[in-house]
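What the coordinates show
Take a look at the letters that make up each chain.
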Amino acid sequence: MLTTTTIKVLEPGDLDDALAVLDRDPVANAFVAARVQVAGLDPWRLGGEMWGWYVRGRLEALCYAGANLVPVCATSEAVRGFAERARRQGRRCSSIVGPEEPTAELWSLLEPYWGPAREVRAHQPLMVTTAPSAEIAADPYVRRIRKNEMDLIMPACVAMFTEEVGISPMAGDGGLLYQARVAELVGSGRSFARIENGKVIFKAEIGAATQRACQIQGVWVDPAYRGKGLSETGMAAVLRYALSDVAPVVSLYVNDFNTAARASYRRVGFEEVGAFMSVLF
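Heads up: these notes are all about the structure in this document. Fair warning: this is a prediction, and the values are worked out from it, not measured in the lab.

**Brief notes about the overall build of the protein**
The secondary structure content of the protein amounts to nine helices and 12 strands. At 19 Å, the protein has a C-alpha radius of gyration in line with the 19 Å of a compact globule built from 281 residues. Counting only C-alpha atoms and orienting by the principal axes, one finds that the protein spans roughly 65 × 35 × 35 Å. When the 281 residues of the protein are sorted by exposure, 49% land in the buried category. Total accessible area on the protein stands at roughly 13,400 Å², and carbon and sulfur atoms take up 51% of it. Where the 30 positive side-chain charges of the protein centre and where its 32 negative ones centre are 3 Å apart.

Pasting the structure below:
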């Protein structure tokens, strides 16, 4: 018997209820929703536990607890419950990420026990579009990466990750997990690049993807080619693929201090609709 409010680890039989919560905000919840739709709620397949916050027996909020700790549709009361469970369990994640307000509250409760973080990105604008801008022409040379081109795309992916996160994805396990993720995106046709003379000069991926929304990630331009508008024309190309082949709504989130990227994304057709927050360990 559930009490007035309680937390439990969700099981496969809770899938429909979990999907209903995720569906309340398909854009903000795209990352977790995509994982759940593919893997269900079995922790082994999901890569972590899904905690459920119940109010009077009804599932009202979620928290994905895997490599990332991600609050989903969480009220302040739910955040406090998730924080207590996370504190008791101990830190197992490499980051906390999610909508700005609940993530900030979650971190404020965990920081005395888990801090200091390596970096806190407190305000990352969430940008969304349903149509490409008519002002930016799509780069005709941006295409899907083929499965036999892993050796070509990996150096660019590693460079992007290292520049963005501050550490190499090849550390620790030698990059096995990261290579597997890149291979997954390539295999599913969601990795895109412009290649010249055997070298990637622009690349981006469609990361999380559901039928209702998808998220562009990993946008990168070779430093030698920056300032030439490749990020805008390249993004316009990836956006067209995303809207035509994946989902009717496309999102991304970007660091607030990256004013050039924010302006570029606006020119491509994105508008800011909210904000995320990331805590990196």
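From this point, things continue past the structure.
**So, unusual backbone geometry**
Note that the residue after Gly115, namely Pro116, is joined by a cis bond; omega there is -5°. Mapped onto the secondary structure, Pro116 falls in the loop between α5 (100-114) and β6 (119-129). Positive phi outside glycine occurs at Asn197, with the angle close to 55°. Inspection of the secondary structure assignment puts Asn197 in the loop between β8 (191-196) and β9 (199-209). Asn197 sits in the exposed class, given a relative accessible area of 85%.

**Concerning the pairing of β6**
Here β6 runs beside strand β12 (residues 271-280); their pairing, made up of eight bridges, is antiparallel. Paired with Leu126 across the bridge in β12 is Gly274. Taken together, the four bridges between β6 and strand β11 (residues 250-253) define a ladder with antiparallel strand orientation. Counterpart to Met127 in the pairing with β11 is Leu252.

**Looking at the nonpolar core**
With 26 residues, the main nonpolar core has Ile216, Met235, Val238, Val250, Leu252, Tyr265 and Phe270 as its most contacted residues. Going through the elements one at a time, β9, β10 (214-221), α8 (230-245), β11 and α9 (259-268) are the ones with two or more residues in this core. At seven residues, α8 tops the list of elements feeding residues into this core. Residues within four places of Phe270 in sequence aside, it is in contact with Met127, Val128, Thr129, Ile216, Met235, Leu239, Val250, Ser251, Leu252 and Tyr265. Grouped together as the second largest cluster of nonpolar side chains are 25 residues, Leu10, Leu41, Met50 and Ala213 included.

**Some thoughts on the packing of helix α4 (residues 76-89) against α5**
Relative orientation of the contacting elements α4 and α5 amounts to 30°, with a least axis distance of 9 Å. Here α4 is positioned roughly parallel relative to α5, judged by the angle of their axes. Once α4 is placed against α5, the crossing between them reads as right-handed. For the pair formed by α4 and α5, the contact residues are Ser76, Val79, Arg80, Phe82, Ala83, Ala86 and Arg87 on the first element and Pro102, Glu105, Leu106, Leu109, Leu110, Tyr113 and Trp114 on the second. Looking at side-chain class alone, the contact of α4 with α5 contains 10 nonpolar, one polar and three charged residues.

**Let's talk about helix α1 (residues 15-22)**
Looking only at α1, the buried set comprises Ala18, Val21 and Leu22. Projected onto a plane normal to the axis of α1, the buried residues spread over an arc of 100° and lie on a single side. Lining the buried residues of α1 we find α2 (30-39), β3 (58-65) and β4 (68-72).

**Quick notes on the packing of α1 against α2**
Between α1 and α2, whose axes approach to 10 Å, the crossing angle comes to 155°. One way to sum up the angle between α1 and α2 is to call them roughly antiparallel. In this structure, α1 crosses over α2, and the sense of that crossing is left-handed. Here Leu15, Leu19 and Leu22 of α1 come into contact with α2, specifically with Val32, Ala33, Val36 and Gln37. Taken together, the residues that form the contact of α1 with α2 break down as six nonpolar, one polar and no charged.

**Digging into the pattern of salt bridges**
Inspection of every chain in the model, using the stated rule, returns 20 salt bridges. Across the salt bridge formed by Glu60 and Arg58, the nearest N and O atoms sit 3.0 Å from each other. Residue Arg146 pairs with Glu149 through a salt bridge whose shortest N-O separation is 3.1 Å. Classification of Arg146 by relative accessible area gives partly exposed; the value is 46%.

Definitions and cut-offs
Residues numbered from 1 in each chain as written. Predicted model: local features only at pLDDT ≥ 70, side-chain atom pairs only at ≥ 80, totals over all residues. Heavy atoms only, no water. Helix = DSSP H or I, 4+ residues; strand = E, 2+ residues; numbered from the N terminus. Rg over C-alpha atoms; globule rule 2.2 N^0.38 Å. Buried < 20%, exposed > 50% of the residue type's maximum accessible area, 1.4 Å probe, protein only. Areas by Shrake-Rupley, 256 points an atom, 1.4 Å probe, with all protein chains shown as cover. Lys, Arg positive; Asp, Glu negative; His and termini not counted. Charge placed at Lys NZ, Arg CZ, Asp CG, Glu CD. Pairing = 2+ DSSP bridges. Core = buried A, V, L, I, M, F, W, Y, C linked by side-chain atoms within 4.5 Å. Contact = heavy atoms within 4.5 Å. Axes fitted to C-alpha atoms, helices over the stretch in contact; angles between N-to-C directions. Parallel < 35°, antiparallel > 145°, perpendicular 65-115°, else oblique. Left-handed = near helix turned anticlockwise from the far one by under 90°. Nonpolar A, V, L, I, M, F, W, Y, C, P; charged D, E, K, R; others polar. Arc of directions from axis to C-beta. Salt bridge = Lys/Arg side-chain N within 4 Å of Asp/Glu carboxyl O.

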